Each structure stands twice: as C-alpha cells, then as structure tokens.
Amino acid sequence: MTDHATWIPVDIDVGRASPARVYDYLLGGSWNFDIDRMMAQAAIDRMPWVRELARHNRQFLTRAVRFCADAGVRQFLDLGSGMPTAKSVHEIARETDPGARVVYVEQEPVAVAHAGLILSGVDGVEMIGADMRDVDVVLNHPTTTALLDFDEPIAVLMASSLHYVLDAAQAVQTVERYMEAVVPGSYLVLSHISDSGADGADEVNRLVELSKTTSSAGVARSREWIEELLNGLEVAEPGVVYTSQWRPDTRLQLVRALPAHSSLLAAVARKP
Ligand SMILES: C[S@@+](CC[C@H](N)C(=O)[O-])C[C@H]1O[C@@H](n2cnc3c(N)ncnc32)[C@H](O)[C@@H]1O
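Quick caveat, the model's predicted, so the values are computed rather than measured.

## Details of the packing of aromatic side chains
In this description, an aromatic ring pair is defined by two values, namely the gap between the centres and the angle between the planes.
Reasoning step 1: Under the counting rule described, the total for this entry stands at three aromatic pairs.
Reasoning step 2: Taking 6.0 Å as the distance between ring centres and 90° as the angle between the ring planes, the aromatic pair formed by phenylalanine 67 and tyrosine 187 counts as edge-to-face. You can see phenylalanine 67 sitting in helix H3 (residues 50-70) and its partner tyrosine 187 sitting in strand E5 (residues 187-193), a full 120 residues away along the chain. For the pair phenylalanine 67 and tyrosine 187, a shared accessibility class is recorded, and that class is buried.

## Looking at the nonpolar core
Reasoning step 1: By size, the foremost hydrophobic cluster in this structure holds 34 residues, and its most contacted members are Leu77, Leu79, Val156, Met158, Leu162, Tyr178 and Leu188.
Reasoning step 2: When contributions to this core are tallied by element, the ones reaching two or more residues are strand E1 (75-79), strand E2 (101-106), helix H6 (135-140), strand E4 (155-159), helix H8 (168-181), E5, helix H10 (223-229) and strand E8 (264-270).
Reasoning step 3: Of all hydrophobic cores here, the second largest spans 28 residues; its members include Phe76, Val102, Leu119 and Ala266.

## With respect to the site of the ligand
Reasoning step 1: Taken together, 18 residues are adjacent to the ligand, and Tyr23, Asn57, Arg58, Gly80 and Glu106 come closest.
Reasoning step 2: Within the side chain of glutamate 106, one N or O atom sits 2.5 Å away from an oxygen atom of the ligand.
Reasoning step 3: Considering the ligand on its own, with 600 Å² of exposed area, one finds that the protein chains cover 98% of that surface.
Reasoning step 4: Contributions of two or more residues to the shell around the ligand are made by helix H1 (19-26) and H3.

## Points about H3
Reasoning step 1: Taking 1.5 Å per residue as the helical rise, H3 with its 21 residues ought to reach 30 Å, and the 30 Å between its terminal C-alpha atoms agrees with that figure.
Reasoning step 2: For H3, the buried fraction is high: 16 of the 21 residues fall into the buried class.
Reasoning step 3: Count one or two residues on from H3 and you reach glycine 72, which has phi positive near 100°.

## A closer look at unusual backbone geometry
Reasoning step 1: Omega for the bond connecting glutamate 237 with proline 238 falls within 30 degrees of zero, at 10°, which places this linkage in the cis form.
Reasoning step 2: Inspection of the secondary structure puts proline 238 in the loop between strand E6 (234-235) and strand E7 (241-242).
Reasoning step 3: At serine 160, a position not held by glycine, the phi torsion is positive, near 55°.
Reasoning step 4: For serine 160, the position within the fold is in the loop between E4 and H8.

## Observations regarding the pairing of E2
Reasoning step 1: By the criterion of burial, E2 is predominantly enclosed, with five of the six residues buried.
Reasoning step 2: In this structure, E1 lies alongside E2, joined through five bridges in parallel fashion. Opposite glutamine 75, over in E2, you have arginine 101 as the bridge partner.
Reasoning step 3: With five bridges connecting them, E2 and strand E3 (residues 125-129) associate as parallel partners. Within the sheet, the bridge partner assigned to tyrosine 104 lies in E3 and is methionine 127.
Reasoning step 4: For the handedness criterion, the β-α-β arrangement of E2, helix H5 (residues 109-119) and E3 is classed as right-handed.

About the criteria used
- Residues numbered from 1 in each chain as written.
- Predicted model: local features only at pLDDT ≥ 70, side-chain atom pairs only at ≥ 80, totals over all residues.
- Heavy atoms only, no water.
- Phe/Tyr/Trp six-rings, centres within 6.5 Å; stacked < 30°, edge-to-face > 60°.
- Helix = DSSP H or I, 4+ residues; strand = E, 2+ residues; numbered from the N terminus.
- Buried < 20%, exposed > 50% of the residue type's maximum accessible area, 1.4 Å probe, protein only.
- Core = buried A, V, L, I, M, F, W, Y, C linked by side-chain atoms within 4.5 Å.
- Near = heavy atom within 4 Å.
- Polar contact = N/O pair within 3.5 Å; in protein donor to acceptor, adjacent residues only side chain to side chain.
- Areas by Shrake-Rupley, 256 points an atom, 1.4 Å probe, with all protein chains shown as cover.
- Expected span 1.5 Å × (residues − 1).
- Pairing = 2+ DSSP bridges.
- Right-handed = clockwise from strand over helix to strand, strands pointing away.

This is how it looks when you write it as structure tokens:
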C-alpha cells in the first residue's frame, strides 16, 4: 500500500479543500484529506445527488474519449484532468489504439504528484503541472511538444474544468486558443455545470456558493452560453445535453438516473 506521507507535496495547504481531491473522494478514491471529505459532505448536503454528478461526468468522459478514438483520434490533451483514477483517459483511448498518447494538465499539486507515481514507466502519457489558462505554457511545454503532433488531430478535453475559469471572456478565449492550435478533424470534449435546468438549479447554485470556500471557485453557465461557445465547431449528435444523456450506454448507465441530476451539460464538437 502506498504511504501517502511519502509523496504529499510539502507546500500544499491541507487546511483548504481542493476540487480535485473532493472529486476524487466522491468517486471513491483515496487521494484526499479530512478537509476534502468534510467539503464533500457539505456538497452532498447542498446537492444530494452530487456523487451521481461526478459519476455521470466520468462516464460521459469515457464515452466521449471512445467516440474520439473511434473517429481516428490518437492524441488527447486533457485540461484539468484531476487525479488519474480508475479508467483514466489513456486507458480508455488505448483500448482502441495501444499507441494513443495523452498529455494531462492539472494545477492541483497532489494530483500531479500522484500522476508522477502512477504514470512513471508508462510511455506516451505524462502530466504537466500547469494552469490550463496559460495556453502558451501548456502548448509550448516540452512534454506537450514531445508527445503531441500538432499536424495530426488532437482531442482537447475540458471535462468539468472550464467552469473554474471564472472570467467568461477568458473562458471563451481559452477554448478558442486551444482549438486554433489543433488541425481540422480535432475535437473538443466539454462538460460544464449549468443552472439552466428547471430541476436542480437551486442545488447547482448552492454548490457553486460552496465552491468559493475551496481553492478553486466555480461558476455555473447557461445552456445558451455553452451553445455559443461551440459556434464554428460541428457539434456531434445529440448536441448539448446532460452528461447522462450523451450517447448513453445502457449497460453502464446508473439506475434511475434523472437527467437533471447530472447537473453538467456536455458536448463533443469537431473542428471542421
Ligand atoms: C471536477 S475535476 C474534473 C476532473 C476530470 N476532468 C474529470 O472530468 O473527471 C476538475 C479539475 O480541474 C482542475 N482545474 C481547475 N482549474 C484548473 C486550471 N485553471 N488549470 C488546470 N486545472 C484546473 C481541478 O484541479 C480539478 O482537478
């Protein structure tokens, strides 16, 4: 069993919850601290289906990565990747092509340390500790340029991470800059918390308020905002829907899932 104390970065603030570690706990992971588990309970109090939200998101990500791989994409840039957890993006992509390459980008130091441990010795897969808003830093990072060929299609993944870019203009520009950097035939995979639904909007807003006490506050955005973000891209069927509704795999779907209990809108869009 791994001794957590041997890899916890010395400079992290264990008195402040981090979304990456709270999310890890909600998914059943163990790379989290007491403060994260308390925050997860506070999140459950505000949104009783928050575990389902996390699981629906993870299942959407799995289906979306398979979709991109089936479309011939062999390279993945996973922005705000979180902890590499069971069924990481590279494991999913490599079911289609064992040579698929993945660059994970994450700003949470525990996730970066964890990735360093579990990805060591895995060729073609690395994590960069960086802020995804620093687009030039990410794109010009030696790991990115070594692993990804920008003359070939790349799937840019922003699963449940863009809502931490609070400034709306910066969020739009961040997406635009990554999509400008990739060739036609590349994909954007997006999931984003939204308060547009009639059901669950109060719970979403309570969760967003709670996030302001963590190391990264989040913001809910409307369905219209998300649809506009995808202008100029070819949005794959079924369009912008809740994560649980995006090409559901009925063998894996959570039992009695209410679409609004996903609370994240999702889409996969191709650069024409
Ligand atoms: C809810 S988790 C989602 C993890 C994973 N993408 C998934 O869908 O399963 C959001 C992640 O985004 C990361 N994140 C938030 N803002 C970020 C930023 N500006 N740069 C890099 N990572 C960021 C957080 O640390 C967290 O790990």
